[in-house]
Amino acid sequence: MAVTEQRSAGLDVARLRADFPILERTVNGRPLVYLDSAATSQKPRQVIDAEADFYANHNANAHRGLYQLAEEATELYEAARGDLARFIGAPAPETIVFTRGTTESTNLVAHAWARRFLTEGDEILLTDMEHHSNIVPWQLAARDTGATLHYIPLTDDGLLDLSDLGSLLTERTKLLAVTGMSNSLGTLPPLRQLTEAAHAIGALVLVDGAQLVPHVPVDVVALDVDFLTISGHKMLGPTASGGLYGKAEHLEAMDAFLGGGHMIEEVFHDHSTWNAVPYKFEAGTMNIAQEVGLGAAIDYLEALGMDAVRAHEEEITAYAIGRLTEAGARVFGPTDTSIRGGAVSFWYRDVHPHDLATILNEEGVAIRAGHHCNQLVMRRFGVPATARASFYVYNTNDEVDALVEALAKAGDMFDG
Amino acid sequence: MALDDIYKEVILDHYKSPRNKREVPGAELTCSKNNPLCGDEITVFVHEEDGKLVEVGFLGQGCSISQSSASMMTEAVSGATREEAGEMIGRIRGMMAGEVEPDEDAFGELVALKGVVKYPVRIKCAVLPWDVLQEALAGKGEAEGSAAH
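Residues numbered from 1 in each chain as written. Chains lettered and ligands numbered in written order. Predicted model: local features only at pLDDT ≥ 70, side-chain atom pairs only at ≥ 80, totals over all residues.

Caption draft 1: Representation of the overall build of chain B within the structure. On a plain count of helices and strands, chain B comes out with five helices and three strands. In chain B, the succession of helices and strands from N to C terminus is α-β-β-β-α-α-α-α. Buried positions account for 44% of the 149 residues belonging to chain B. (Helix = DSSP H or I, 4+ residues; strand = E, 2+ residues; numbered from the N terminus. Buried ≥ 20, exposed ≤ 12 C-beta atoms within 10 Å, placed from the backbone.)

Now the structure itself:
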C-alpha cells in the first residue's frame, strides 16, 4: 500500500515512517499494517541505534566502576533519567525511579507504599476500566493489609461514572489508582478533577500512564499526581524500559522495594540503611541500555512535538471511528476524540475477534483480539472479547482503509 | 498459505450449522470449561449405553475454531467406545502438537483443524472441546477456567 502524502497537524507521517525499519517488511506478502501500538510500539532507527551504540561503545555497569567506561555508562543512564523527568514535567530527575515498566512501577508502590502505610479498613479506590496490572497489585496489597478495594463504575459510553464519586471517596480512602487512558476504551478520564477530589479527602493518586504518557503531553506538576507509572516500550523505547514518578516526599517516606546491591547505604549483620532516592528503589543491575534507548525515544518524540503527536492521534482516531462505524462495527468507548485516545475496540458483524485477527493477519494487518487485560470492561459491556486497533505516530489513514477492507473480507467469509 | 488452509469450508460449515448443539437429556457425563483468554466456552454432554457414547452434544460460544471443533467432535465420537474416544482425543492432541500427520481415514473432516497448527495461540481453541470431553469421561464435571495459561 502506498503511503500517501499524509501531513497531519504537523506530523510528516510519510517521512517519519522511514525511521521505522520494521515498517518496510511484509507479512503474508502484504505490507505490514501495524495497528497494535497499545500493546507495544515499533522502534525508530534512532532508538535501535542508541541501544546498540551503548553496547558497542559505552557498556559498563552504572554507578559501580571507577574507570572511564563506567563513568560514561553512568552518565548516559542518568541523562536518560533527566530526559524522562523533563518529558513528564517532573520537578527533578530524583523523582524518577527506573523500572521495567508500568507493571513493575505499580507493584513497587503497592509494596513500598501500600504495605507500609495501609491498615485494616483502609480503602483503595480503582475504576472498572483499569488494566489488570492496576488491579491485581492492589488486590495483593489489600489481602496483606486488610484494606478493601472499591471501584468507580462506567457509563454506557465508556466514561467513568462520577455521579457517586462523593460516596466512593471516603475518609478511609487512602489511594485512588486510575488509568490515564483506557487501553481498551481509549477513554481519557478527567485526571485533574479526580486528583482534586482525592486530595480533598487526603487520599493519594496514582495514575497508570501506560497509554497516557506515549500519546498525550503530560505535566505531573500541573496534574498534581502523587505517582505516575511509565512504560518505555509503548513510547518508541526498548522493552523493559520505563519508570515511576513519585512526589519526593512519598519516595522518601516509602519502604525499600527489592533488596540488593546499590539500593543500600550501609549493610550490617542485622539491618541495612538505604541509599538516597531514587537509588533506594533500584536494586541490582538495571536495564541500563534500555533506559538509554528510552532517552533516545524521548528525544525523538520531543522533536516531533507531543502536541503534534496528540493532534495526529485525534485525527486518525476520528477517521478510524468514522470508517468502522460506517462499516457496521460497534465501537466501544467515547466517540469524541477530545476525550479519548487511539485505542479503538470494536465488535464487527458478529465475527469472533480471534477469527477477525487471524483473517486480518492474512492481509498483513496486525490487530489485537482478546480481553486486553480488561476483563472488568468486557463484562461491563457484555462481550467475551473485542478486536482492537490502536494507532501511533507512524499510522496513516490508508492503513485504516486497509483495516476496513480486510474486515469486509472477514465479514463476507463468515456471512456468505 | 491461503486462508482456505484454516477456514476451510468444513470449519465454516460446522461453525454456521453446528451439529449436535444441544443438551442431551439423561446425559450421565457432562463437563464445562472455558478459556478466559478469549471467552470460549464449551459444555459437553454424553449419554452412554452398553459402554458406548451413544449420544454426544455440546453447548457453547466462542470463535469458529472452538465451536467447529466441538461440532466435529460430537460427530466423530458418537457411537465410539470410551477407549476409541480416548484414542481420538490423543490423535487430535498429536495433530495439534504437530506430532501426528493426520490421515483422512482416521480423522475425516477433523483434518480441517490441521490448518490451525500454524497459529499457536489458537491451538487451545481447537483442543478445548476435546479437553472437556476427556474430563467429562473422567467424571470431572466442572473445570472452569482450567484451559487458561
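Caption draft 2: Quick look at the overall build of chain A. Within chain A, the secondary structure is distributed over 15 helices and 19 strands. Relative to its length of 416 residues, chain A is compact, with a C-alpha radius of gyration of 22 Å against a globular reference of 22 Å. If you line up chain A on its principal axes, its C-alpha atoms span 75 × 55 × 35 Å. Per-residue burial over chain A gives 52% buried out of 416 residues. Taking all contacts inside chain A whose residues are at least 6 apart in sequence as the whole, residues at least 24 apart take part in 71%. (Rg over C-alpha atoms; globule rule 2.2 N^0.38 Å. Contact = placed C-beta atoms within 7 Å.)

Caption draft 3: Representation of the interface of chain A and chain B. The interface is formed by 10 residues belonging to chain A together with 12 residues belonging to chain B. If one sorts the elements of the side of chain A that touches chain B by residue count, helix 13 (residues 353–362) of chain A sits on top with five residues. Looking at the side of chain A that touches chain B, its residues break down into four nonpolar, four polar and two charged. (Nonpolar A, V, L, I, M, F, W, Y, C, P; charged D, E, K, R; others polar.)

Caption draft 4: View of the domain arrangement of chain A. Residues and elements named next belong to chain A. The domain architecture assigned to chain A consists of domain 1 (7–44 + 306–415) and domain 2 (49–302). The C-alpha centroid of domain 2 is placed 27 Å from the C-alpha centroid of domain 1. Counting residues at the interface gives 28 residues for domain 1, matched by 29 residues for domain 2. Listed by contribution, the elements that provide at least two residues to the side of domain 1 that touches domain 2 are helix 12 (306–326), strand 16 (343–347), helix 14 (375–380) and strand 19 (386–390). For the side of domain 1 that touches domain 2, the element with the most residues is helix 12, which contributes five residues. (Domains from an automatic or database assignment.)

Caption draft 5: Up close: the pairing of strand 16 of chain A. All names here are of chain A. With five of its five residues buried, strand 16 lies for the most part within the structure. Side-chain alternation along strand 16 places Ala343, Ser345 and Trp347 on one buried face and Val344 and Phe346 on a second face that is also buried. Where strand 15 (residues 330–331) and strand 16 come together, two bridges link them in antiparallel fashion. Pairing of Arg330 across the sheet is with Trp347, part of strand 16. (Pairing = 2+ DSSP bridges.)

Caption draft 6: Molecular detail of the sheet that holds strand 15 of chain A. All names here are of chain A. The strand order across the open sheet formed by four strands is 15-16-19-18, and the pairing between neighbours is antiparallel. Bordering the open sheet on either side are strand 15 and strand 18 (368–370), each of which pairs with just one other strand. In this fold helix 12 packs onto strand 15, strand 16 and strand 19, with an angle of close to 5 degrees to the strand it touches most, strand 16. (Axes fitted to C-alpha atoms, helices over the stretch in contact; angles between N-to-C directions.)

Caption draft 7: Molecular detail of the nonpolar core. Residue and element names in this part refer to chain A. One finds Ile88 and Leu356 to be the most contacted residues of the largest nonpolar core, which totals 162 residues. Looking at which element gives the most residues to this core, the answer is helix 11 (residues 288–304), with nine residues. Aside from chain neighbours lying at most four places away, what touches Leu356 is Tyr348, Val351, Ala369, Ala387, Leu407 and Ala410. (Core = buried A, V, L, I, M, F, W, Y, C linked by C-beta atoms within 7 Å.)

Caption draft 8: Up close: unusual backbone geometry. Residue and element names in this part refer to chain A. Following Val277, the chain continues to Pro278 via a peptide bond in cis, the omega torsion being 5 degrees. Along the chain, the position of Pro278 falls in the loop between strand 14 (272–274) and helix 11. Phi is positive for His63, close to 60 degrees, though the residue is something other than glycine. Phi angles above zero are rare outside glycine, and Asp350 is one such case at about 60 degrees. Accessibility expressed as a C-beta count within 10 Å gives 9 for Asp350, which makes it exposed.

Caption draft 9: Structural detail: helix 3 (residues 82–96) of chain B. All names here are of chain B. Compared with the 21 Å implied by 1.5 Å per residue over 15 residues, the 21 Å span of helix 3 between its first and last C-alpha is a close match. If you check which residues of helix 3 are buried, you get Ala85, Ile89, Ile92, Met95 and Met96. Axial view of helix 3: buried residues confined to an arc of 130 degrees, hence all on one face. Packing partners of the buried residues in helix 3 comprise strand 3 (52–61), helix 2 (64–77) and helix 5 (120–137). (Expected span 1.5 Å × (residues − 1). Arc of directions from axis to C-beta.)

Caption draft 10: The arrangement of the packing of helix 4 (residues 102–117) of chain A against helix 5 (residues 136–145) of chain A in detail. Residues and elements named next belong to chain A. Running from N to C, helix 4 and helix 5 cross one another at 20 degrees; their axes reach a closest spacing of 9 Å. Judged by the angle between their axes, helix 4 and helix 5 are roughly parallel. Relative to helix 5, the crossing made by helix 4 is right-handed. Residues Thr106, Asn107, Ala110, Ala114 and Arg115 of helix 4 form the contact with helix 5, whose participating residues are Pro137, Trp138, Leu140, Ala141, Asp144 and Thr145. For the contact of helix 4 with helix 5, the residue count by class is six nonpolar, three polar and two charged. (Parallel < 35°, antiparallel > 145°, perpendicular 65-115°, else oblique. Left-handed = near helix turned anticlockwise from the far one by under 90°.)

Caption draft 11: Seen up close, helix 2 (residues 45–58) of chain A. All names here are of chain A. For helix 2, built from 14 residues, the straight-helix expectation of 20 Å at 1.5 Å per residue is met to within 8% by its first-to-last C-alpha distance of 19 Å. Among all positions of helix 2, only Val47, Ala50, Glu51, Phe54 and His58 are buried. Those residues of helix 2 that are buried lie in contact with helix 3 (68–87) and helix 11.

Caption draft 12: Up close: the environment of Met254(A). Residues and elements named next belong to chain A. Checked against the element boundaries, Met254 lands in the loop between helix 10 (248–253) and strand 13 (264–267). For Met254, a count of 23 C-beta atoms within 10 Å translates into the label buried. Separated by 140 residues in sequence, Met254 and Ala114 have C-alpha atoms that sit 8.8 Å apart. Once you skip the residues sitting within four places of it in the chain, Met254 turns out to touch Ala112, Trp113 and Arg116.

Caption draft 13: Just the pairing of strand 7 (residues 123–127) of chain A, in detail. All names here are of chain A. Taken across its five residues, strand 7 has five buried, putting it largely inside the fold. Residues Glu123, Leu125 and Thr127 of strand 7 are buried on one face, and the alternating residues Ile124 and Leu126, pointing to the opposite face, are buried as well. Across three bridges, the pairing between strand 7 and strand 9 (residues 173–179) is parallel. Bridging from a neighbouring strand, Glu123 pairs with Thr173 of strand 9. The pairing of strand 7 with strand 8 (residues 148–152) spans five bridges and is classified as parallel. Of the residues in strand 8, the one forming a bridge with Glu123 is Thr148. As a crossover connection, the stretch from strand 7 through helix 5 into strand 8 is right-handed. (Right-handed = clockwise from strand over helix to strand, strands pointing away.)

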